[in-house]
Amino acid sequence: MYQHFRTFQGRKLTDQERARVLEFQDSIHYSPRYADDTNEYRHVMLPKAMLKVIPSDYFNSEVGTLRILTEDEWRGLGITQSLGWEHYECHAPEPHILLFKRPLNFEAEMRAAAAAAQQQQQQS
């Protein structure tokens, strides 16, 4: 089985920081998905108290919300979603709400790519 390893993107939490944010993981709320013609979307609501334990360098000091986080960073905060989601905005009036998007056919394309790779591997 082929495994893809990549380097961490963004700023990794220290063990102590990670332990503090993961105390809130079970209280993270995920909206249902919604879509337009090209993307599907969802918003993730962090518990407001969680914002107090997230490191200050994860915030945009100009607007007081979280900055745009890399996938590794938001997963490090305990946000769990399937592959392909991109954090693209924070809702300024409610800084605990993070907005995510991904292409509409992302999962189907991933399955097709995995099947093609498996077929190619079997032929070699």
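About the criteria used
Residues numbered from 1 in each chain as written. Predicted model: local features only at pLDDT ≥ 70, side-chain atom pairs only at ≥ 80, totals over all residues. Heavy atoms only, no water. UniProt positions renumbered as here; feature names shortened; annotations may be inferred. Helix = DSSP H or I, 4+ residues; strand = E, 2+ residues; numbered from the N terminus. Buried < 20%, exposed > 50% of the residue type's maximum accessible area, 1.4 Å probe, protein only. Areas by Shrake-Rupley, 256 points an atom, 1.4 Å probe, with all protein chains shown as cover. Lys, Arg positive; Asp, Glu negative; His and termini not counted. Charge placed at Lys NZ, Arg CZ, Asp CG, Glu CD. pLDDT = per-residue confidence, 0-100. Contact = heavy atoms within 4.5 Å. Polar contact = N/O pair within 3.5 Å; in protein donor to acceptor, adjacent residues only side chain to side chain. Phe/Tyr/Trp six-rings, centres within 6.5 Å; stacked < 30°, edge-to-face > 60°. Lys NZ or Arg CZ within 6 Å of the ring centre and 35° of its normal.

Named according to an unreviewed UniProt entry, the protein is Cyclin-dependent kinases regulatory subunit originating from Maudiozyma barnettii. We quote the UniProt Function (unreviewed entry) comment for the protein here in full: "Binds to the catalytic subunit of the cyclin dependent kinases and is essential for their biological function."

Draft legend 1. Seen up close, the overall build of the protein. From N to C terminus, the protein includes three helices and seven strands. Along the protein, from the amino end to the carboxyl end, the secondary structure elements read α-β-β-β-β-β-α-β-β-α. Considering only C-alpha atoms, the protein reaches an extent of 55 × 35 × 25 Å along its principal axes. Across the 124 residues in the protein, those meeting the buried criterion constitute 32%. A total of about 8300 Å² of accessible surface is found on the protein, and carbon and sulfur atoms cover 51% of it. Counting 14 positive and 17 negative side-chain charges, the protein places the averaged centre of each group 4 Å from the other.

Draft legend 2. Spatial organisation of the confidence of the model for the protein. Mean pLDDT over the protein stands at 89; residues scoring 70 or higher make up 94%. Between the elements of the protein, mean pLDDT differs from a low of 82, seen in helix α3 (residues 106-123), to a high of 98, seen in strand β1 (residues 29-30). Low confidence marks residues 1-5, where pLDDT is under 50. Its contacts with residues over four positions away, or in another chain, come to one contact.

Draft legend 3. Representation of the side chain of E73. Position of E73 among the secondary structure elements: in helix α2 (residues 71-76). Polar contacts involving the side chain of E73 include one to the side chain of R67, which spans 2.8 Å.

Draft legend 4. Structural detail: the packing of aromatic side chains. Within the structure shown, the criterion is met by three aromatic pairs. Consider the rings of W74 and F100, whose centres lie 5.0 Å apart with planes at 75°: the pair is edge-to-face. Within this pair, whereas W74 is found in helix α2, its partner F100 is found in strand β7 (residues 97-103), the two being separated by 26 residues in sequence. Neither W74 nor F100 differs from the other in exposure class; each is buried. By way of ring pairs, the aromatic residues Y34, Y41 and Y88 are connected into one cluster. In this arrangement the basic side chain of R67 is found over the ring face of Y58, its NZ or CZ atom lying 5.1 Å from the centre. The ring of Y88 carries the charged tip of K101 above its face, separated from the ring centre by 5.3 Å.

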